[in-house]
Amino acid sequence: MPRLFVGIYPDSVVRDALASLATPLRGFRWTPPEQLHLTLRFLGELDDDAAARAEAALGTVSVGAFLLEPAGVGIFPPRGPAGVVWVGFGTTHPHLFQLRQRVDDALLAAGVPLELRPFQVHLTVARVREASAGTVAEFVKRHRAFTAPPWRATAFTLMESRLAPAGAEHSVRRLYPLAGD
């Protein structure tokens, strides 16, 4: 069964800026630049029928292209030991939320089951395991004011994710251009 998610991938300038955060730190596993993405909706493992319905339903989604501007660094969970280091978005274009809602509406109409979770706009830049709380806190403090150039989101993708010992490997299942591009 394919393990799927819907995402938006930054352009190469933003990927390079995000990759500049990846400094050697014990306990940090950095996301490879080519896999940096903003997840709109995680679908999980779907049988072939549900995956085909999801792929077709996403083709009905129409939203205009928009700008995204990465800014700030934080961790999940916000309390307790960190598991994820993320880059957020200082100002998030309303079309991003419109896109997320239309993706959800299309998937639900196609009978694709969705987890009910709040949408937290972020890009995961590292997974943290066995790093000291002090190391994580110092990293976040040092990069709290991080910014990257804005990029124009011109498409979203249905991605397949395969779990491997070195981390997830992502491949594009289908690309969906945004309106106006």
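Residues numbered from 1 in each chain as written. Predicted model: local features only at pLDDT ≥ 70, side-chain atom pairs only at ≥ 80, totals over all residues. Heavy atoms only, no water.

**Student:** Report on the packing of aromatic side chains, specifying residues and quantitative values.
**Tutor:** Enumeration over the complete set of coordinates arrives at seven aromatic pairs. Feature note: the residues Phe28, Trp30 and Phe139 constitute an aromatic cluster, connected by ring pairs. (Phe/Tyr/Trp six-rings, centres within 6.5 Å; stacked < 30°, edge-to-face > 60°.)

**Student:** Describe in detail unusual backbone geometry, supporting the description with residues and values.
**Tutor:** Cis geometry is adopted by the peptide bond preceding Pro77, which originates at Phe76 and carries an omega value of -15°. With respect to the helices and strands, the residue Pro77 is situated in the loop between strand 4 (66-76) and strand 5 (84-92). Backbone geometry at Glu130 places phi at a positive 60°, although glycine is not the residue there. Counting through the fold element by element, Glu130 comes out in the loop between strand 6 (123-128) and helix 4 (133-143). (Helix = DSSP H or I, 4+ residues; strand = E, 2+ residues; numbered from the N terminus.)

**Student:** Which residues make up helix 3 (residues 94-109), and what are the values?
**Tutor:** Across its 16 residues, helix 3 extends 23 Å between first and last C-alpha, which sits within 8% of the 22 Å expected from 1.5 Å per residue. Within helix 3 the residues assigned to the buried category are Leu96, Leu99, Arg100, Val103, Asp104, Ala106 and Leu107. Burial along helix 3 is one-sided: seen end-on, the buried residues are contained in an arc of 165°. Turned more than 90 degrees away from the buried face of helix 3, the exposed residues are Pro94, Leu108 and Ala109. Structurally, helix 3 contributes buried residues whose contacts are with strand 1 (3-8), strand 3 (38-45), helix 2 (48-58), strand 4, strand 5 and strand 8 (155-162). Following helix 3 by one or two positions, Gly111 adopts a phi angle in the positive range, close to 80°. (Expected span 1.5 Å × (residues − 1). Buried < 20%, exposed > 50% of the residue type's maximum accessible area, 1.4 Å probe, protein only. Arc of directions from axis to C-beta. Contact = heavy atoms within 4.5 Å.)

**Student:** Describe in detail the pairing of strand 9 (residues 169-177), supporting the description with residues and values.
**Tutor:** Regular strands show a simple pattern: their side chains alternate between the two faces of the sheet. Of the pairings in the sheet, the one linking strand 8 to strand 9 comprises eight bridges and is antiparallel in character. If you follow Ser161 over to strand 9, its bridge partner there is His170. Hairpin geometry of strand 8 and strand 9 is characterised by an intervening segment of six residues between the two adjacent antiparallel strands and by a positive phi of about 125° at Gly167. (Pairing = 2+ DSSP bridges.)

**Student:** Describe the side chain of Gln35, and please don't skip the residues or the numbers.
**Tutor:** Looking at where Gln35 falls in the secondary structure, it is placed in the loop between strand 2 (28-30) and strand 3. Since its relative accessible area comes to 13%, Gln35 is described here as buried. Side-chain polar atoms of Gln35 contact the side chain of His170, separated by 3.2 Å. Excluding residues within four positions of it along the chain, Gln35 makes contact with Tyr9, Ala168, Glu169 and His170. (Polar contact = N/O pair within 3.5 Å; in protein donor to acceptor, adjacent residues only side chain to side chain.)

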